[in-house]
Amino acid sequence: SSGVTYSVNSPPNAPTVNAPTNSGSTLTMTWTIGTGGIPTSYSITVLEDGVPLAPLTVSGSPPATTTTYSPMTAGVAYSFYVTATNATGTSSASATSSSVTYNPPLAPTALSLYIAGSILNMSWTAGGGGTPSSYTVYVLGDGVAVTTLNSITGTSTTYSSLTNGVYYTFYV
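Note that the coordinates shown come from a computational prediction; the quantities given were computed from them, not determined experimentally. (Residues numbered from 1 in each chain as written. Predicted model: local features only at pLDDT ≥ 70, side-chain atom pairs only at ≥ 80, totals over all residues. Heavy atoms only, no water.)

Engineer: Help me understand the overall build of the protein chain, please; the structure alone is not making it clear to me.
Structural biologist: The secondary structure content of the protein chain amounts to zero helices and 18 strands. Taken over C-alpha atoms, the radius of gyration comes to 25 Å for the protein chain, far larger than the 16 Å a tight globule of 172 residues would show. Dimensions of the protein chain along its principal axes, counting C-alpha atoms only, are 80 × 30 × 30 Å. For the protein chain, with 172 residues in total, the buried portion stands at 31%. Once local pairs closer than 6 in sequence are excluded, the contacts in the protein chain between residues at least 24 apart make up 59%. (Helix = DSSP H or I, 4+ residues; strand = E, 2+ residues; numbered from the N terminus. Rg over C-alpha atoms; globule rule 2.2 N^0.38 Å. Buried < 20%, exposed > 50% of the residue type's maximum accessible area, 1.4 Å probe, protein only. Contact = heavy atoms within 4.5 Å.)

Engineer: I'm lost on the sheet that holds strand 17 (residues 156-159) in this one. Help?
Structural biologist: Within a sheet, each strand pairs with its neighbour through backbone hydrogen bonds, oriented either parallel or antiparallel. Strand order in this open sheet of three strands is 13-14-17, and the pairing throughout is antiparallel. Each of the sheet's edge strands pairs with one partner strand only, and the pair in question is strand 13 (109-116) and strand 17. Across the sheet, the mean angle from the axis of one strand to that of its neighbour is 15°, orientation sign disregarded. In the sheet, strand 14 (residues 119-125) pairs with strand 17 via four bridges, with the strands oriented antiparallel. When the sheet's bridge partners are listed, Ser123 is paired in strand 17 with Ser156. (Pairing = 2+ DSSP bridges. Axes fitted to C-alpha atoms, helices over the stretch in contact; angles between N-to-C directions.)

Engineer: What am I meant to see in the nonpolar core here?
Structural biologist: The nonpolar side chains of a soluble globular protein tend to be buried, and buried together. If you look at the biggest cluster of nonpolar residues, it comprises 17 residues, and the most contacted ones within it are Leu27, Met29, Trp31, Ile44, Tyr78, Phe80 and Val82. Contributing elements (two or more residues each) for this core: strand 4 (26-32), strand 6 (41-48) and strand 10 (77-86). The leading source of residues in this core is strand 10, at four residues. Formed by eleven residues, the second largest nonpolar core is a distinct cluster that contains Leu120, Met122, Trp124 and Tyr135. (Core = buried A, V, L, I, M, F, W, Y, C linked by side-chain atoms within 4.5 Å.)

Engineer: Hey, could you run me through the side chain of Ser94 in this one?
Structural biologist: Note on placement: Ser94 falls in the loop between strand 11 (89-90) and strand 12 (100-101). Residue class for Ser94 comes out buried when judged on its relative accessible area of 8%. Residue contacts for Ser94: discarding those within four places in its chain leaves Ala14, Pro15, Val17, Tyr81 and Val82.

Engineer: It is not clear to me how the environment of Leu27 should be interpreted in this structure. Could you clarify?
Structural biologist: Here Leu27 is to be found in strand 4. When its relative accessible area of 0% is taken as the criterion, Leu27 is described as buried. Put simply, Leu27 and Ser79 are 52 residues apart on the chain and 9.2 Å apart in space, counted from C-alpha to C-alpha. Apart from the residues within four sequence positions on either side, Leu27 is in contact with Pro20, Thr21, Asn22, Val46, Thr67, Thr68, Tyr69, Met72, Tyr78 and Val100.

Engineer: Can you help me understand the pairing of strand 16 (residues 144-152) in this one?
Structural biologist: For a regular strand, side chains alternate in direction, first toward one face of the sheet and then toward the other. By the bridge criterion, six bridges tie strand 15 (residues 135-141) to strand 16 in an arrangement that is antiparallel. Each residue of the ladder has a partner; that of Leu140, found in strand 16, is Ala145. Where strand 15 hands over to strand 16, the hairpin turn is made up of two residues, of which Asp142 adopts a positive phi near 55°.

Structure (structure tokens):
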């Protein structure tokens with residue numbers, strides 16, 4: 001019979017790391033258990049441009065094989081490595097993962113505003129950098145906040161609660 005052998009009487013072998021991912025400025029790290037002893041905790045060392053940070057610890061019975069780190073700094077490459085520990089010892093370190101860089105989106109450009117009938121039409125161009133998951137649009141009437149439009153997923157939106165004689169502007 002084939003399979004992976006685990007033992008409670010020996011230290012664990014090094015875990016195998018997966019490529020890290022990020023959602024916004026949160027780094028997600030995953031790994032798989034090595035052979036040998038069953039881990040009771042993992043120590044995860046995050047590297048910022050190759051410089052190690054203080055280790056994170058994941059423990060439990062069994063411990064999870066994923067954790068997160070936040071906030072990532074824009075333009076910095078993040079990678080990680082993992083050790084596994086149980087009552088009989090600590091594994092050698094895993095190989096260092098590949099890296100991922102947080103590139104936040106830049107401010108939108110080419111803002112355009114026009115009124116058609118009683119509808120304020122607003123559009124803009126994505127500003128580069130990372131891809132935003134959504135935009136927030138601030139509508140002002142005569143320089144005073146009128147409304148906030150949240151979770152706009154495209155590069156245009158409308159606002160229809162206009163008041164005659166008001167000068168409208170918007171920010172994205």
